[in-house]
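A structural walkthrough
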Amino acid sequence: MWDDAVTDDLVRAALAGAAELRQATVRLWGPPEAELAEVLRAHEDGPSADGFADLEVTTCLRDGELEVVTRYAPTAQPAYDALLAALHAHFGAQVFSDDDRTVDEVVADLLRGRGATVATAESCTAGLLAGRLADRAGSSAYLQGGFVTYANEVKTSQLGVEEALLQRVGAVSEEVAVAMARGARERLGTTYGISVTGVAGPDGGTAEKPVGLVHVCVSGPDGDEPRELRLGGSRAHVRARTVVSCLHLLRELLTTAGPV
């Protein structure tokens, strides 16, 4: 249909008068949307104010990531360069992509570039993290496999988590997240092991361990890196945000890690 459409005189006339429009996407992890808005306002009122008017900037918050999408004509390239420099200057390492790559692409490139492999051990996300890592073509180069270990008995039998530890601190704990990550890494012989254990809700929470409490850990050559997450929203949101948090934790470690 498109081949036929572009031969139409009206379509050809419309396309002939079209001006080039560029689009660039910057992605950040960590800062609140209000901080980004403040930086954009300061840039709009600053020395580059005249050029900023030539940029069409939209922002979006998605699972904890901030996207800054800018559209501009080629003549406004200096204005965009100034905006990009301002974002890097203010947010530093929180800018994890300024070339339109997603965190999935960044992690995949880092894993391939380092020749590293990964295994997952998931409780409340039940394979969502492994699925996200496997979404990209060629993921078999770095994703060795994963474990879905909802029941404590499976955590023990498949990952080697000690039963006494589970009884002492409970499945949703930093200690168990560390043991799960280590177990996945050891059993599949990978460079990194990533674990998730938490209370996704809507039921199952307690005063001590409420819905939205999630413990994650990446175990690698440089040791264990656990994180405690306190997430709000629906069950689906808690699980999705947990997966994104794990990808960013792995990204941060891959960015700063020593030789494999």
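The structure reproduced in this document is the subject of the present report. Just so we're clear, the structure is a prediction, and the values are computed from it rather than from any experiment.

One open sheet accounts for four strands, arranged S2-S3-S1-S4; its pairing is antiparallel. Since the sheet does not close on itself, it has two edges, and those belong to strand S2 (56-62) and strand S4 (95-97), each with one partner. Here the strands of the sheet are splayed against their neighbours by 30 degrees on average, with no regard to which way each runs. As defined by bridge partners, strand S1 (residues 22-29) adjoins strand S3 (residues 65-72) across eight bridges and the pair is classed as antiparallel. When the bridges of S3 are listed, Ala24 appears paired with Thr70.

It is at 11 Å that the axes of helix H3 (residues 33-45) and helix H5 (residues 77-91) come closest, and there the two elements cross at 135 degrees. Overall, the two elements H3 and H5 adopt an arrangement that is oblique. Considering the relative orientation of H3 and H5, their crossing is right-handed. Residue-level contacts link Glu35, Leu36, Val39, Leu40 and His43 of H3 to Ala79, Ala82, Leu83, Ala86, Leu87, His90 and Phe91 of H5. Partitioning the contact of H3 with H5 into residue classes produces nine nonpolar, two polar and one charged.

It is worth spelling out the pairing of strand S5 (residues 118-122) at this point. In terms of burial, S5 is a largely internal element, five of the five residues being buried. With burial as the criterion, each face of S5 is covered, one bearing Val118, Thr120 and Glu122 and the other bearing Ala119 and Ala121. Sheet topology places S5 next to strand S6 (residues 143-148); five bridges connect them, and they run parallel. Among the inter-strand pairings, Ala119 is bridged to a residue of S6, identified as Gly145. Each parallel crossover has a hand, and for S5 linked through helix H7 (residues 128-134) to S6 it is right-handed. When S5 meets strand S7 (residues 192-198), the two strands line up parallel, connected through five bridges. The residue bridging Val118 from the neighbouring strand is Tyr192, located in S7.

Procedures and definitions
Residues numbered from 1 in each chain as written. Predicted model: local features only at pLDDT ≥ 70, side-chain atom pairs only at ≥ 80, totals over all residues. Heavy atoms only, no water. Pairing = 2+ DSSP bridges. Helix = DSSP H or I, 4+ residues; strand = E, 2+ residues; numbered from the N terminus. Axes fitted to C-alpha atoms, helices over the stretch in contact; angles between N-to-C directions. Parallel < 35°, antiparallel > 145°, perpendicular 65-115°, else oblique. Left-handed = near helix turned anticlockwise from the far one by under 90°. Contact = heavy atoms within 4.5 Å. Nonpolar A, V, L, I, M, F, W, Y, C, P; charged D, E, K, R; others polar. Buried < 20%, exposed > 50% of the residue type's maximum accessible area, 1.4 Å probe, protein only. Right-handed = clockwise from strand over helix to strand, strands pointing away.

It is worth stressing that arrangement in space is one thing and function is another; only the former is reported here.
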